[in-house]
Amino acid sequence: MSEVALLQVIGLCVVGIGVAILLFIKARFLRVVGFVVIVLGIFALIALGVPQMASLPPAEEVFDVASIKTPADMAAIGQKIFFSKGQCALCHSIGPSEAARCPDLKGIGAKLTREFLYESLTQPQAYIYKDFRHEGPPKDYPARMPYINKNPIGLSNNEILSVIAFLQQMSGESITVSPSEIVQPVKTAAVMQVAHAR
Ligand code: HEC
């Protein structure tokens, strides 16, 4: 029996006890108690009837090196990372957005070279647009581009290359990142993943 069903049965019992008190007991104080018990029991049942939702963080993407055969496979993984672990979509939009806190990345793969993209992710402070700078007078954009290869986002090199593949693909460019650049994880990492998966 699920936890909710168990609680519902308990709630029904409580209501039942209240009804029994009202039916069989004449003492006024106990009748008031019985009435209160019924009301509380019904409230509990209604509350338990509301669908229970838990918002869990998205499951961590497992970077399955073996599944990557083509540049398009990399872009597909990069897309997932862009919207999940990489947290890029928290700040960046793809296409114009009202809530722009950061540069719109639409067409970025065509605008920037692969090397510049890589630098933007791993040394974000190396080149900063005037609009996005953090020093001096107040600016329009409060966010700062994080180091994508360091904590807390901490993407691996494989993951960064995949994100670049995605940025190029969604800009209509040919992907210049090749699956052969993906490095196989060392054994210990694989062992740890198995331990996690259990
Ligand atoms: C906390 C907000 C934030 C997050 C998260 C973030 N960025 Fe940025 N990003 C910025 C800001 C602010 C800038 C502009 C500063 C600059 O010019 O370097 C920027 C700049 C960039 C640029 C350079 C844009 C250009 O026109 O030169 C690229 C590319 C980029 N981000 C990609 C990404 C990717 C890919 C991710 C996810 C892996 C990501 N960003 C996550 C805030 C963020």
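All values derive from a computational prediction rather than experimental measurement.

**Structural notes on the overall build of the protein chain**
Consideration 1: Of regular secondary structure, the protein chain possesses eight helices and zero strands.
Consideration 2: In sequence order, the protein chain lays out its α and β elements as α-α-α-α-α-α-α-α.
Consideration 3: Out of the 198 residues belonging to the protein chain, those deemed buried represent 18%.
Consideration 4: By sequence separation, contacts in the protein chain at least 24 residues apart represent 60% of the contacts at least 6 residues apart.

**Section: the packing of helix 3 (residues 71-83) against helix 7 (residues 157-170)**
Consideration 1: The geometry of helix 3 relative to helix 7 is characterised by a closest axis approach of 7 Å and an angle of 100° between their N-to-C directions. The orientation of helix 3 with respect to helix 7, classified from their angle, is roughly perpendicular. When helix 3 is examined against helix 7, the residues Pro71, Met74, Ala75, Ile77, Gly78, Gln79, Ile81 and Phe82 are found in contact with a partner set consisting of Glu159, Leu161, Ser162, Val163, Ile164, Ala165, Phe166 and Gln169.
Consideration 2: When its residues are assigned to classes, the contact of helix 3 with helix 7 shows eleven nonpolar, four polar and one charged.

**Re the nonpolar core**
Consideration 1: Counting residues in each nonpolar core, the largest one holds 23 residues, and the members touching the most others are Met74, Ile160, Leu161, Val163, Ile164, Ala165 and Leu167.
Consideration 2: Elements represented by at least two residues in this core include exactly helix 3, helix 6 (114-122) and helix 7.
Consideration 3: Sort the elements by how many residues they give to this core and helix 7 lands first, with seven residues.
Consideration 4: Residues contacting Val163, with those up to four places away along its chain left out, are Gly78, Ile81, Phe82 and Gly86.

**Points about the packing of helix 6 against helix 7**
Consideration 1: Where helix 6 meets helix 7, the axes come as close as 10 Å, and the angle between the chain directions of the two elements is 125°. Overall, the two elements helix 6 and helix 7 adopt an arrangement that is oblique. Handedness of the helix 6/helix 7 crossing: right-handed. For the pair helix 6 and helix 7, the contacting residues are Arg114, Leu117, Tyr118 and Leu121 in the first and Ile160, Ile164 and Leu167 in the second.
Consideration 2: Partitioned by chemical class, the residues of the contact of helix 6 with helix 7 number six nonpolar, no polar and one charged.

**Topic: helix 7**
In an α-helix, one turn spans 3.6 residues; hence positions three or four apart end up facing the same way.
Consideration 1: Compared with the 20 Å implied by 1.5 Å per residue over 14 residues, the 20 Å span of helix 7 between its first and last C-alpha is a close match.
Consideration 2: The element helix 7 is largely enclosed, with a buried count of eleven among its 14 residues.
Consideration 3: All buried positions along helix 7 are accounted for by Glu159, Ile160, Leu161, Ser162, Val163, Ile164, Ala165, Phe166, Leu167, Gln168 and Gln169.
Consideration 4: Buried residues belonging to helix 7 abut helix 3, helix 5 (108-111) and helix 6.

**Some details on the environment of Ile160**
Consideration 1: With respect to the helices and strands, Ile160 occurs in helix 7.
Consideration 2: The residues contacting Ile160, other than those within four sequence positions of it, are Tyr118, Leu121, Ile148, Asn149 and Leu155.

**Some points on unusual backbone geometry**
Excluding glycine, residues mostly have negative phi values, and the peptide bonds linking residues are mostly trans.
Consideration 1: Note that the residue after Asn151, namely Pro152, is joined by a cis bond; omega there is 5°.
Consideration 2: With respect to the element layout, Pro152 can be found in the loop between helix 6 and helix 7.
Consideration 3: A positive phi angle, near 60°, is found at Gln87, a position not held by glycine.
Consideration 4: Residue placement: Gln87 occurs in the loop between helix 3 and helix 4 (88-91).

Rules behind the numbers
Residues numbered from 1 in each chain as written. Predicted model: local features only at pLDDT ≥ 70, side-chain atom pairs only at ≥ 80, totals over all residues. Helix = DSSP H or I, 4+ residues; strand = E, 2+ residues; numbered from the N terminus. Buried ≥ 20, exposed ≤ 12 C-beta atoms within 10 Å, placed from the backbone. Contact = placed C-beta atoms within 7 Å. Axes fitted to C-alpha atoms, helices over the stretch in contact; angles between N-to-C directions. Parallel < 35°, antiparallel > 145°, perpendicular 65-115°, else oblique. Nonpolar A, V, L, I, M, F, W, Y, C, P; charged D, E, K, R; others polar. Core = buried A, V, L, I, M, F, W, Y, C linked by C-beta atoms within 7 Å. Left-handed = near helix turned anticlockwise from the far one by under 90°. Expected span 1.5 Å × (residues − 1).

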